[in-house]
Amino acid sequence: MGECLTYPMLQKFYSAVRNANNIGVECDLFDGISTLDAFFSEFRSITFVMQKSFSSPQDRLYYEEKRNAYLMNDLMKWFNEKRVSTVHNEPFKLEKCVLVDLYDECGKTTVIDDRFILENDSDIESLIDTLSDV
């Protein structure tokens, strides 16, 4: 029994998803940008591994058929453009948007409506403190 062709692809897919999953509300922007950059790099590596794994003429035809069906669309074009940008030009420009509305018997009050970038990032504890003052 030969080596499974899908294991290397699944490992790259797992790495990409793991990176994407590590972004959350607690994550500061600097860490989030690094994680997104790693996601795009790993995500693109899936197709590189597939090209190497599917080296026989029959496997190559199968790969090209699946590539055309799943990877040749506007969304995947955007992914590839972001990968090229983050790997070769500059880090992903991540922006954190925080909107907190407070509802009571008088209606809705917006407590926080901010957008954060690297230059003005705020940690989750500061946002919680702001809510505590309301």
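The coordinates are above.
So, here's what we can say about the structure. (Residues numbered from 1 in each chain as written. Predicted model: local features only at pLDDT ≥ 70, side-chain atom pairs only at ≥ 80, totals over all residues. Heavy atoms only, no water.)

With that settled, consider the side chain of T47. Structurally, T47 can be placed in helix α2 (residues 29-53). Overall, the relative accessible area of 11% leaves T47 in the buried class. With residues near it in sequence (within four places) discarded, T47 still touches Y63 and L71. (Helix = DSSP H or I, 4+ residues; strand = E, 2+ residues; numbered from the N terminus. Buried < 20%, exposed > 50% of the residue type's maximum accessible area, 1.4 Å probe, protein only. Contact = heavy atoms within 4.5 Å.)

It is worth spelling out the layout of surface pockets at this point. Here the largest pocket is characterised by a volume of approximately 590 Å³. Taken together, 24 residues line the largest pocket, and the ones lying closest to its centre are F43, I46, T47, M50 and L71. Of all elements in the fold, only α1 (6-21), α2, α3 (57-70) and α4 (74-88) reach the threshold of two or more residues within the lining of the largest pocket. If you tally residues by element for the lining of the largest pocket, the top one is α2, at 7 residues. Its residues assigned to classes, the lining of the largest pocket shows 15 nonpolar, 4 polar and 5 charged. (1 Å grid on protein atoms, 1.4 Å probe; cavity = no way out; pocket = protein on both sides within 12 Å on 5 of 7 lines; lining within 4 Å. Points joined across faces, edges and corners; volume = space filled by probe spheres on them. Nonpolar A, V, L, I, M, F, W, Y, C, P; charged D, E, K, R; others polar.)

Turning our eyes to something else, we now look at the nonpolar core. As a rule of thumb, nonpolar side chains are buried together in soluble globular proteins. Residues A16, L36, F39, F40, M76, F79 and F92 constitute the largest nonpolar core, which totals 7 residues. In terms of residue count, α2 provides more of this core than any other element does, 3 residues in total. Counting 6 residues, the second largest nonpolar core, distinct from the first, contains I46, V49, M50 and Y63. (Core = buried A, V, L, I, M, F, W, Y, C linked by side-chain atoms within 4.5 Å.)

Pairs can form between side chains of opposite charge whenever their charged atoms are close. Per the counting criterion, the structure on display carries 3 salt bridges. Across the salt bridge formed by E42 and K12, the nearest N and O atoms sit 3.4 Å from each other. In this pair, E42 sits in helix α2 while K12 sits in helix α1, placing the two residues 30 residues apart along the sequence. On the basis of relative accessible area, E42 is assigned to the buried category, the value being 18%. By relative accessible area, K12 is classed as partly exposed at 25%. Its salt-bridge partner being K66, residue E65 comes within 3.9 Å of it at the nearest N-O pair. On the accessibility criterion, E65 (49% relative accessible area) is partly exposed. The partly exposed category is assigned to K66, whose relative accessible area is 26%. (Salt bridge = Lys/Arg side-chain N within 4 Å of Asp/Glu carboxyl O.)

On to the environment of C97, then. In this structure, C97 sits in strand β1 (residues 96-104). The sequence separation of C97 and R115 amounts to 18 residues, and the corresponding C-alpha distance is 4.5 Å. Once residues within four sequence positions are removed from consideration, C97 is found in contact with D114 and R115.

For the rest of this paragraph, the subject is the packing of aromatic side chains. All chains considered together, the criterion is met by 9 aromatic pairs. Taking 5.5 Å as the distance between ring centres and 35 degrees as the angle between the ring planes, the aromatic pair formed by F39 and F43 counts as tilted. Of the two residues, F39 and F43 both sit in helix α2, 4 residues apart, roughly one turn of that helix. Owing to a relative accessible area of 12%, F39 belongs among the buried residues under this scheme. (Phe/Tyr/Trp six-rings, centres within 6.5 Å; stacked < 30°, edge-to-face > 60°.)

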